Amino acid sequence: MRAAVITKYNSDWELKTVPDPRPSAGQVVIKIHASGMCGTDLHVHHGAFGLPLPIVAGHEPAGEIVELGPGVVDFKVGDRVGVHWNQKGCGRCRVCQTGDQAHCAQAQSWMHIGGGNSELMLAWASGCTLLPEGLDYAAAAPIFCAGYTVMSGLRNADPKPGERVAVLGLGGLGHLALQFSRAVGLETWAITGQADKVPELKAMGASEVLVTGAEPGKAMTDAGGFDIVLSTTNSSKQVSSAVGGLRLNGRLMSMGVTPDGPLTIDTMTLLLGQRQIRGSSQDERSDLVEALALVAAGKVKPRLETYPITKVNEVRERLASGKVRYRAVLLHA
Ligand SMILES: [Zn+2]
Ligand SMILES: [Zn+2]
């Protein structure tokens, strides 16, 4: 099969023919149709995870099961599925024993058995989720990282009817967070530094769009404050500032990685307003299923740029230089 293989960090990924994968017990082989490219793939490219090479990246894969390993009984050949990051826990640690294998420190992911930038991908059956009928592969792909992450953030914020939500950072994750929050009926503002995105964000359903700079907190307070901030920005300064834009008992859900450094938050800001900051990533499996259902129902529309897999290096460079507006998806012919 053909795959985009990382053979050396900080170098072009090599499109080459490699042996077809064989499924072990509990695994399936998926013919990949679409594979989203996430910001995390840039960290992979730079060697941030220290993974042994060669490796195939791609953690937003969607495709069709073409082979079952021994003992797989829940899926069948022909099933349309996607695969999220943590596919299977060790089964024996305290976290796994409580039934939460996705949060196992030893969980198996694409980093152990290869990702979706390949014609055929190996996956643990326990990491596969069926695509709703009618949902196409390209639209489904980004839900397996970006969409899942922000739907968990929204659910973990425990929104109440009538609460007001701000989405901070409107890229691959944020544009989905905005639409999910609207789809479940919440007043949702977009907080962005990119004024040219205003018409698109309005079209996606934003109740209002606030264009702010590195310190959005004051503008958020001036706008009346927010009960929930879904933060997907990679600027620690913006996140720190946005905490001040929370209303009494407000919750900021931190979902973006901030390579520019740690958050700086005045403890008075936290305690006087009973404000909370919570880290959130892909959590309950039901969040993923809910997100897929909203996309399948047409209530949430991922904004995609699609490219053939042969353009994998150009797409990665586009993403690195900030040219991908929302989400780039690689298509396998
Ligand atoms: Zn990702
Ligand atoms: Zn475990």
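Throughout this description, residue numbers start from 1 for each chain and increase along the sequence as written. Chains carry letters and ligands carry numbers; both start at the beginning, A for chains and 1 for ligands, and go up in the order they are written. Totals for whole chains, interfaces and linings use all residues, but because this is a predicted model, local features are given only for residues with pLDDT of at least 70 and pairs of side-chain atoms are given and counted only at 80 or more. Hydrogens and water molecules were not included; the side-chain quantities draw on all heavy atoms of the structure.

1. Focus on helix α6 (residues 174-183)
Alright, step 1. Accessible area is worked out with a 1.4 Å probe on protein chains only. A residue is then buried under 20% of its type maximum, exposed over 50%, and partly exposed in between. Numbering of helices and strands runs from the N terminus; a helix is a DSSP stretch of H or I covering at least four residues, while a strand is a stretch of E covering at least two. Most of α6 is tucked away: eight of the 10 residues are buried.
Alright, step 2. Residues G174, H175, L176, A177, L178, Q179, F180 and S181 constitute the buried set of α6.
Alright, step 3. The contact criterion used is simple: two residues touch if any of their non-hydrogen atoms lie within 4.5 Å. Each element contacted by the buried residues of α6 is listed here: α5 (146-156), β9 (164-168), β10 (187-192), α7 (198-203), β12 (226-231) and α11 (285-296).
Alright, step 4. Two residues or fewer past α6, G185 is found with a positive phi of approximately 95°.

2. Describing the pattern of salt bridges
Alright, step 1. Think of a salt bridge as a Lys or Arg side-chain nitrogen and an Asp or Glu carboxyl oxygen that are within 4 Å of each other. Applying the stated rule across the entire model yields 16 salt bridges.
Alright, step 2. A salt bridge links R325 to E200; its shortest N-O distance comes to 3.0 Å. With R325 in the loop between α12 (312-320) and β16 (327-331) and E200 in helix α7, this pair connects stretches of sequence that are 125 residues apart.
Alright, step 3. Owing to a relative accessible area of 21%, E200 belongs among the partly exposed residues under this scheme.
Alright, step 4. Within the structure, one salt-bridge network assembled from shared partners comprises D12, R316 and E317.

3. Points about the coordination of the zinc ion (ligand 2)
For a metal with four tetrahedral donors the ideal donor-metal-donor angle is 109.5 degrees, whereas six octahedral donors ideally subtend 90 or 180 degrees.
Alright, step 1. Coordination sphere of the zinc ion (ligand 2), protein contribution only: C90 (SG), C93 (SG), C96 (SG) and C104 (SG), at 2.3 to 2.4 Å.
Alright, step 2. Its four donor atoms give the zinc ion (ligand 2) angles of 104 to 116° at the centre, a pattern that matches the tetrahedral case.
Alright, step 3. Atoms are scored as donors when they are N, O or S and lie within 2.8 Å of the metal, with 3.2 Å used for Na, K and Ca; no water is included, so coordination may look incomplete. Read in sequence order, the donor residues coordinating the zinc ion (ligand 2) give the pattern C-x2-C-x2-C-x7-C. In this pair, C93 sits in the loop between β6 (80-83) and α2 (94-97) while C104 sits in the loop between α2 and α3 (110-113), placing the two residues 11 residues apart along the sequence.
Alright, step 4. On the basis of relative accessibility, which here comes to 4%, the residue C104 falls in the buried class. Donor angles set the geometry label: tetrahedral for four donors if every angle is between 85 and 135 degrees, square planar for four and octahedral for six if opposite donors exceed 155 degrees and the others are between 65 and 115, irregular for anything else.

4. Some thoughts on the packing of aromatic side chains
When we look at a pair of aromatic rings, we describe it by the centre distance and by the angle of the planes.
Alright, step 1. Only centres within 6.5 Å qualify two rings of Phe, Tyr or Trp (six-membered ring in Trp) as a pair; their planes then separate them into stacked at under 30 degrees, edge-to-face at over 60, and tilted for everything else. Summed over all chains, the structure comprises three aromatic pairs.
Alright, step 2. Between F49 and W85 the ring centres are 6.1 Å apart and the planes differ by 45°, which places this aromatic pair in the tilted class. With a gap of 36 residues between them, F49 in the loop between α1 (40-45) and β4 (55-56) and W85 in the loop between β6 and α2 connect regions that are remote in the sequence.
Alright, step 3. Judged by relative accessible area, which is 37%, F49 ranks as partly exposed.

5. Quick look at the pairing of β16
Alright, step 1. With respect to burial, β16 is a largely interior element, four of its five residues being buried.
Alright, step 2. The criterion for strand pairing is that DSSP finds at least two bridges linking the strands in question. In terms of strand pairing, strand β3 (residues 27-37) meets β16 through four bridges, oriented antiparallel. By the bridge assignment for β16, G36 is matched with V329.
Alright, step 3. Summarising the sheet, strand β15 (residues 304-308) and β16 pair through five bridges and their orientation is parallel. Residue L304 lies in a different strand from β16, and its bridge partner there is R327.

6. What about the coordination of the zinc ion (ligand 1)?
Alright, step 1. Note on the zinc ion (ligand 1): its protein donors are C38 (SG), H59 (NE2) and C145 (SG). The metal-donor distances range over 2.0 to 2.2 Å.
Alright, step 2. Read from N- to C-terminus, the donor residues coordinating the zinc ion (ligand 1) fall into the pattern C-x20-H-x85-C. Of this pair, H59 sits in the loop between β4 and β5 (61-68) while C145 sits in the loop between α4 (137-140) and α5, and the two are 86 residues apart along the sequence. Summarising the burial analysis for this pair, H59 and C145 share the class buried.

7. Observations regarding the domain arrangement of the protein
Buried accessible area, meaning the area lost when the parts come together, often serves as the stated size of an interface.
Alright, step 1. These domain boundaries are the output of an automatic or database domain assignment. Domain boundaries assigned for the protein yield domain 1 (2-144 + 284-331) and domain 2 (147-279).
Alright, step 2. The distance between the C-alpha centroids of domain 1 and domain 2 comes to 27 Å.
Alright, step 3. Facing the 20 residues of domain 1 at the interface are 21 residues of domain 2.
Alright, step 4. Of all residues in domain 1, the largest losses of buried area upon contact with domain 2 belong to R303, R325 and Y326, amounting jointly to 35% of the total for that side.
Alright, step 5. Linking domain 1 with domain 2 are three salt bridges, by the criterion used here.
Alright, step 6. In this structure, D196 engages R325 in a salt bridge whose closest nitrogen and oxygen atoms are separated by 3.2 Å.
Alright, step 7. As used in this structure description, the phrase polar contact means that two N or O atoms lie within 3.5 Å; if the pair is within protein, one of them must be able to donate a hydrogen and the other to accept it, and residues adjacent in sequence are counted only when both atoms belong to side chains. Our enumeration of links across domain 1 and domain 2 arrives at 12 residue pairs in polar contact (both at pLDDT 80 or more). Buried area adds together the accessible area that both of two parts lose upon being put together, with accessible area traced by a 1.4 Å probe.

8. Concerning the side chain of S235
Alright, step 1. By the element assignment, S235 lies in the loop between β12 and α9 (236-243).
Alright, step 2. Within the structure, S235 has its side chain in polar contact with the backbone nitrogen of Q238 (distance 3.0 Å).
Alright, step 3. Those residues within four positions of S235 in sequence are excluded, and the remaining contacts are T258 and D260.

9. Quick look at the sheet that holds β9
Alright, step 1. What the six strands build is an open sheet, ordered β11-β10-β9-β12-β13-β14; its pairing is parallel. Each edge of the sheet is formed by a strand with only one pairing partner; in this case those strands are β11 (208-211) and β14 (276-279). Strand after strand, the sheet turns through a mean of 20° between neighbouring axes, direction not considered. To obtain an axis, a line is fitted to C-alpha atoms, over the contacting stretch when the element is a helix, and the angle between two such axes runs from 0 to 180 degrees between their N-to-C directions.

10. Section: the packing of α5 against α6
Alright, step 1. Between α5 and α6, the least distance of the axes is 9 Å, while the angle of their chain directions is 50°. When the interaxial angle is binned, α5 and α6 end up oblique. By crossing handedness, the relation of α5 to α6 is classed as right-handed. Contacts from A146, G147, V150, M151 and L154 in α5 reach L176, A177, F180 and S181 in α6. The scheme is simple: roughly parallel for angles under 35 degrees, roughly antiparallel for over 145, roughly perpendicular for 65 to 115, oblique for anything else. The crossing is said to be left-handed when, going from far helix to near helix, the turn is anticlockwise and less than a right angle, and right-handed when the turn is clockwise.

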